[in-house]
Structure formats: C-alpha cells, structure tokens
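Summary of the model geometry
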Amino acid sequence: MPDNMNPNPLPPEIGTLDIPMALPFIIDELPLGIVAMDCERRVVLLNRSMEALTGFDRKDAKAIACRHIIRGDFCLGKCPVLGMSQGSGMVCVEGNIINRQRQKIPVRVTFTPIRDLRGHLIGFFETFEDIRMLGTMAGKTSEAYTFGQLVGRSPQMEQIYRFLPMIAQSNSSVLLTGETGTGKDLVAEAIHQESSRAKGPFIKVNCGALPATLLESELFGHQKGAFTGAVENKPGRFRLAHNGTLFLAEIGDLPLSLQVKLLTFLDDRVVHPLGSTKGFLCDVRVIAATHQDLELMVRKRTFREDLLFRLNVVRMQLPPLRDRRDDVQLLLDHFLQTFVSKFKKPIRGFSTNALRILLAYAYPGNVRELKNIVEYASNVCQVNQIQSEHLPAYLTHSLPSYRPANDAPQMIAAQHPATQEESPDGADSAAIERKIIIDAILKTQEDKKVELEWPAIERKMIIDAIVKAQGRRNKAATILGWSRSRLYRKMIQYGIEK
Amino acid sequence: MATKALICLYGNEVAPRFDLTREVLIAVIGDVGKVQEEKELVLPHASVEIICNMIITEGIKVVICGGIEEEYYQYLTWKNVTVLDSVIGNWHAVLQRLAQGRLQSGDILTEEGSKNT
C-alpha cells in the first residue's frame, strides 16, 4: 500500500509488524522452526515446527520475550538481534536451546531483520535448524563401526547397519523390539535422521508415561471445550509430527481404547482430535518400540492383534549385549572416550584387572548399563587408568562369566598390549599380572563349570545334527528344532562355519 | 517448617536457563506463606555443577527456573529438591505465588495475568 493511503502512518523510526492472515498457515508447512518477533523481541508468531522444537504452544508464547521461549545459549547477554543496527542484514549463529522436554538441542539460527517499505525496522524473523544429526556425524567421521549414535561391529550390528538405510528410505511403520537398554530409541532416531523426513520433526511419546485419558489428548489433541479444562485447542503429538516421524515408545503399555484409535489412524492417516468433528490428514511415519512380547500380549488379549499386524510391517529385533560380546570392548572404549572428553579427565584406558572384570560381566541392563558403569568409573577415577576399585562394587563382588573357555585371557592379552606396556611396573610385572589373571579366570571357570560347559554341549549338538542331516542345514535346523537363521548364528558363534 | 527456595534470576525475571544462571535469589518461606528472608547471590562463572552443589549444601527445597536439562532435573529431584521449571515471569510475582503455594511448572506470569501451559 502506498504511504499516502495508509490510515495509520507508521512512526518515523519503528513501525508495527502486521502479519498477514495467511502467513501462519504458510509457515506451518515449512520444515524449519520459525519465530517472528516485534522490535522489543516479543514473540508474534511461532510455526508448528518451532512448537515441536521448543515444546511451547504458539498461544502461550505470544507476547512473551523470546529468550523465555527459545531459551538459547545465544539469548543471554549476547543476543545477535541486539547488534542488528538499521543497516545490518541477516546473522547466522550456532548454539543450543533447551526445550520444555528438557532436551538440549544444537541448532543453527538465522536472524533476519524485517523492515517496512521505508526501511524502518519493524521486527525480526528467526529460523531454527535442528543440527543434532550434523553434530553426531561431525564427531563420528573418524569412527568406523557406527551408525547415527549406534556403536558396534558384531555381525548382528553389521546386519542392522545394512538394514537401517533401506528401512529409512521407505515410509512403512517400524516395530522395534528388544530388551531394555539395547538402543531402541537410538535406532528410531537414526531411522528418522536417515530418512527423507529428517528435516521434519521427530516426536517421541512414551505410551506408559501418561494415564489413558491424558494420553489420548496428548496424542490426538483436543478441541476447545471438549472436556472440563480444555480451554484451548491442542494440536496433539500426531499433528506436531506432521511431515516427520512419531516414535511411540513402550507401545505395549498403550491402553486398549487408544489401540483402536491408533489402528484407525494407521488405516486412514487422519487424526480426529477429541471433541472435533473435522479430521486432519497427517503425513506421519510411525515407529513403535517395546521390550514386551507383543505376541504373548495378543494371546493374553492385552494387545490387539490387528494393531500388531499393522505395526509389524518392518520388524527389527535388537540383540542384547550378551549376544554380541565382541562389541563390549568397543563400547567400553567408545564410552570411556566420550566421558573422558566430557569430564575433562586424563584417563587413558582400563587396567588389565578392570578390563577382565568388565569383559566377564553379563550386562543384564545391556548397553545402558555398560554406559553407566563407564560413567561411574570415569567419575570416580582420579588417576590416569581405571582400576578395578573404580568400578561399581556389585561388579567386583560377583563375576558372572559369559566367555567360552580360554577366550577371555586371550582377548585381554591380544587386544590390550598397550595397556600392559603402560603398566608402571614394567614388562615383568605385566606378565606376572597376566598369569595371575589367567589363573583367576580359570578358577572362576571351574567354579562355574556347569554354566561354562553349555557352549561346548551346544556346539556338539549342532555338529551332530549337521552330520545326521548329511550337511543339509535346513534339515539340521529341523532336527534341532531351531530356525535356519538361529542355526547360522550359532554356527558363526562357535566357528563351525569355517 | 520454613522452606528454602532458590529462584534463578535474569534481571527482574526468572532466568530462561538454569545452566546459564549468574544470579540467584534464595528466599525462606515461613509456615503461613510469608517470605521471611530474601538474599541475592551473584555467581560469576559458576558452572551448573557448582550451582547444583550449592543447592544441596544450602538445603534448598524448591528450585524455580526456566529451561533445565533432564540430567540436572533428575539429579535435583533425586536429592529431594522440587524443581519448578519452565516458569516465566517477574521474580517478585513468582515468589509471591510460591509463598501462596500456587506455583507450578510451566506457569507464565505476565502483567496481563497468569496461565499454566
């Protein structure tokens, strides 16, 4: 509009930010987080991606100083907007924000001044890019045996690495199963980050964390007035995850009533908020995860069979750490490196004795437990090598072993020559220490003879079955009552393949 | 029994981030909901670990802040400290509401009124 036709002429220095009616709908569809602010840095508008990134609703955020909504490390003291004079252009900075879910998210932010037709500053526009994946990639470029935040080089993990990019490229629902601490969350995030939806939001909902009534509103949203206390419209997690991925953790805890609603969504991809007559067509990829046996739950009628069929399009069983013992060493080194740089400690590695205990432990809590043990040891250790006394007490009091006979000592001797060379007592004391350790392990193995005999028995059973089946593996698997894949896995495990 | 509360400050407001707090207010709230004592502390270059340590050693029972990372939230909760996070507003108003026993996580206290998200 020409200046002479404007009924409310702008003051000479500062004007008002007038958002056209259509703008909120347009920016809602963009995959970047966007915030529009007035000259006093108060929020005028948030788009849907920004709502998902910060956890704040646009109505709550309106007219609030942006630092309280964005909560970036760049907001306090050194806000880039403060330095934007009348003539300055856009500024791009990298930093981090803390959202309402208490996550610290690395972001790349572009600050752009908004000017009226006369060039007067009327507000600011900020675009936010979630760079979690970039940060992970930058830190991991030198590391092999990783995918996203997953670490491992065992055959099982290599299979997952081969499988993940293929899954990521499709749009199918994924069901992740596996024991607690096996990395279901990380796999879900890796699938999202590798997919074409990586620029869209990744929304996680723990189905076991909320009661059924709240969970329905949380997942599907509600309309103002739908129930007592519903004073505003709420979009729901499905809608927030539009063009992105919705990760439903602990799907086994989803109440039966909501299972039906999820089933309906998976069929027609339309979300019906509570109390609304209109549906919203949602383009969301669903990844579900559970540590429970869903087939058993179906038999007990606590989980709907038809929902299982719909979720079970692509199924991934994550192996427990006891099935990928080769990765224990790698994971120990990986987490030690992580915590050493985080805590800024001069720790160079594990002592032979500490390593023996760590390699022999069963890790019922899987990778999460291993990580916690390394974190504990890194905190407690005040010297340059983690000793056995720096490990949690429950590790040193009981020593459950999973190693086949003669494996652990060789492993320690072969994989850690450097650790031994670094021993302050020299080569002789290292050799004595190694002998003591081997003796200790052999003694432990004698104590647990029954437990250790099983691998030998199982190996013999496999060989007998193969001989009986005249080398035909299918038939051998039938004789053993196993699946073919289990037989192959076991053959590789016991070195029968070669 | 009197309750000791800590509010992370940024000027006259509750600080947007717990980990970047450089100033805190420690208030003692009496049984009848009256603020008995207030003192402001400046913590230049204080790391988040130092702030957590101070909260424990000072016997603080309630912490009020804006954004806080999950690990510090869990740590303080584990140490029996109530953390009211995502609170936005002038610290005087926030303290009054706390003294009245009406403050919750996510409260936004603006000049126009208050809302809980």
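Keep in mind the model is a prediction, meaning the values are calculated, not measured.

**A few points about the overall build of chain A**
- A tally of helices and strands in chain A yields 22 helices and 16 strands.
- Looking at chain A as a whole, 31% of its 498 residues qualify as buried.
- In chain A, once contacts between residues fewer than 6 apart in sequence are set aside, the share between residues at least 24 apart is 66%.

**Some points on helix α15 (residues 366–380) of chain A**
Residue and element names in this part refer to chain A.
- Along its 15 residues, α15 runs 21 Å from first to last C-alpha, staying within 8% of the 21 Å computed at 1.5 Å per residue.
- Of all the positions in α15, only Asn366, Val367, Leu370, Ile373, Val374 and Ala377 are classed as buried. Looking down the long axis of α15, one finds its buried residues gathered within 120° of arc, a one-sided arrangement.

**Quick notes on the confidence of the model for chain A**
- Averaged over all residues, the pLDDT of chain A equals 79, while 80% of them reach at least 70.
- For residues 448–452 of chain A, every residue scores under 50 in pLDDT, and the model assigns this stretch three contacts once sequence neighbours within four places are set aside.

**Points about helix α10 (residues 256–268) of chain A**
- Taking 1.5 Å per residue as the helical rise, α10(A) with its 13 residues ought to reach 18 Å, and the 19 Å between its terminal C-alpha atoms agrees with that figure.
- Just downstream of α10(A) lies A:Arg269, where phi reads positive at about 60°.

**Considerations on the pairing of strand β8 (residues 107–110) of chain B**
All names here are of chain B.
- Burial of β8 is one-sided: the residues Asp107 and Leu109 facing one way are buried, the residues Ile108 and Thr110 facing the other way are not.
- Examined bridge by bridge, strand β7 (residues 88–89) and β8 share two bridges and lie parallel to one another. Pairing of Ile88 across the sheet is with Ile108, part of β8.
- As for the winding sense of the linkage, the β-α-β connection from β7 through helix α3 (residues 91–99) to β8 is left-handed.

**With respect to unusual backbone geometry**
Residues and elements named next belong to chain A.
- Unlike most non-glycine residues, Arg301 shows phi in positive territory, near 65°.
- Among the secondary structure elements, Arg301 is positioned in the loop between α11 (294–299) and α12 (305–311).
- Unlike most non-glycine residues, Tyr363 shows phi in positive territory, near 50°.
- As for its position among the elements, Tyr363 is in the loop between α14 (352–360) and α15.

**Considering the pairing of strand β5 (residues 121–130) of chain A**
Residue and element names in this part refer to chain A.
- In terms of strand pairing, strand β1 (residues 33–37) meets β5 through five bridges, oriented antiparallel. Of the residues in β5, the one forming a bridge with Val35 is Glu126.
- Judged from the nine bridges that link them, strand β4 (residues 104–115) and β5 form a sheet pairing that is antiparallel. Directly across from Thr112, in β5, lies its bridge partner Phe125.
- Connecting β4 to the antiparallel partner β5 that follows it, the hairpin turn spans five residues, and Gly119 within it adopts a positive phi of roughly 85°.

**Notes on the sheet that holds strand β2 (residues 43–46) of chain A**
Residues and elements named next belong to chain A.
- Ordered by their spatial adjacency, five strands build an open sheet running β2-β1-β5-β4-β3, and the pairing between neighbours is antiparallel. Edge positions in the sheet fall to β2 and β3 (91–98), since each of these pairs with one other strand and no more. Direction aside, the axes of adjacent strands within the sheet are offset by 25° on average.
- Bridge count for β3 against β4 is eight bridges, and the pairing is antiparallel. Counted as the bridge partner of Ile98 is Lys104 from β4.

**Some words on the environment of A:Ile496**
Residues and elements named next belong to chain A.
- When you line up the elements, Ile496 lands in the segment after α22 (484–493).
- Judged by local crowding, Ile496 falls into the partly exposed class, with 14 C-beta atoms found within 10 Å.
- On a C-alpha basis, the gap between Ile496 and Arg459 in space is 8.2 Å, while along the polypeptide they are 37 residues apart.
- Aside from chain neighbours lying at most four places away, what touches Ile496 is Ile462, Ile463 and Met491.

**Re the sheet that holds strand β8 (residues 174–177) of chain A**
Residue and element names in this part refer to chain A.
- Strand order in the open sheet formed by five strands is β9-β10-β13-β8-β14, and the pairing between neighbours is parallel. This sheet does not close on itself; its edge strands, each paired only once, are β9 (202–206) and β14 (314–317). Taking each pair of neighbouring strands and ignoring which way they run, the sheet shows an average axis angle of 15°.
- As paired elements, β9 and strand β10 (residues 245–249) share five bridges and run parallel to each other.

**Digging into the nonpolar core**
- Residues B:Ile7, B:Val14, B:Ile64 and B:Val94 are the most contacted members of the largest nonpolar core, which totals 98 residues.
- Two domains share this core, each providing at least three of its residues, namely domain 1 (3–130) and domain 2 (135–319) of chain A.
- Leaving out residues up to four positions away in the same chain, B:Ile7 has contacts with B:Val14, B:Val24, B:Leu25, B:Ile64, B:Trp91, B:Val94 and B:Leu95.

**Quick word on the environment of B:Met1**
- Along the chain, B:Met1 turns up in the segment before β1 (3–10).
- For the pair B:Met1 and B:Val32, spaced 31 residues apart in sequence, the C-alpha separation works out to 9.5 Å.

**Here's the deal with the packing of helix α13 (residues 326–343) of chain A against α15(A)**
Residue and element names in this part refer to chain A.
- Orientation of α13 relative to α15, taken along the N-to-C sense of each, is 45°, at an axis distance of 9 Å. The orientation of α13 relative to α15 falls into the category oblique. Read as a crossing pair, α13 and α15 show a hand that is right-handed. Residues Val328, Leu331, Leu332, Phe335, Leu336, Phe339, Val340 and Phe343 of α13 touch α15, and the partners they reach there are Val367, Leu370, Lys371, Val374, Glu375, Ser378 and Asn379.
- Of the residues that constitute the contact of α13 with α15, the class distribution is eleven nonpolar, two polar and two charged.

What counts, and at which threshold
- Residues numbered from 1 in each chain as written.
- Chains lettered and ligands numbered in written order.
- Predicted model: local features only at pLDDT ≥ 70, side-chain atom pairs only at ≥ 80, totals over all residues.
- Helix = DSSP H or I, 4+ residues; strand = E, 2+ residues; numbered from the N terminus.
- Buried ≥ 20, exposed ≤ 12 C-beta atoms within 10 Å, placed from the backbone.
- Contact = placed C-beta atoms within 7 Å.
- Expected span 1.5 Å × (residues − 1).
- Arc of directions from axis to C-beta.
- pLDDT = per-residue confidence, 0-100.
- Pairing = 2+ DSSP bridges.
- Right-handed = clockwise from strand over helix to strand, strands pointing away.
- Axes fitted to C-alpha atoms, helices over the stretch in contact; angles between N-to-C directions.
- Core = buried A, V, L, I, M, F, W, Y, C linked by C-beta atoms within 7 Å.
- Domains from an automatic or database assignment.
- Parallel < 35°, antiparallel > 145°, perpendicular 65-115°, else oblique.
- Left-handed = near helix turned anticlockwise from the far one by under 90°.
- Nonpolar A, V, L, I, M, F, W, Y, C, P; charged D, E, K, R; others polar.

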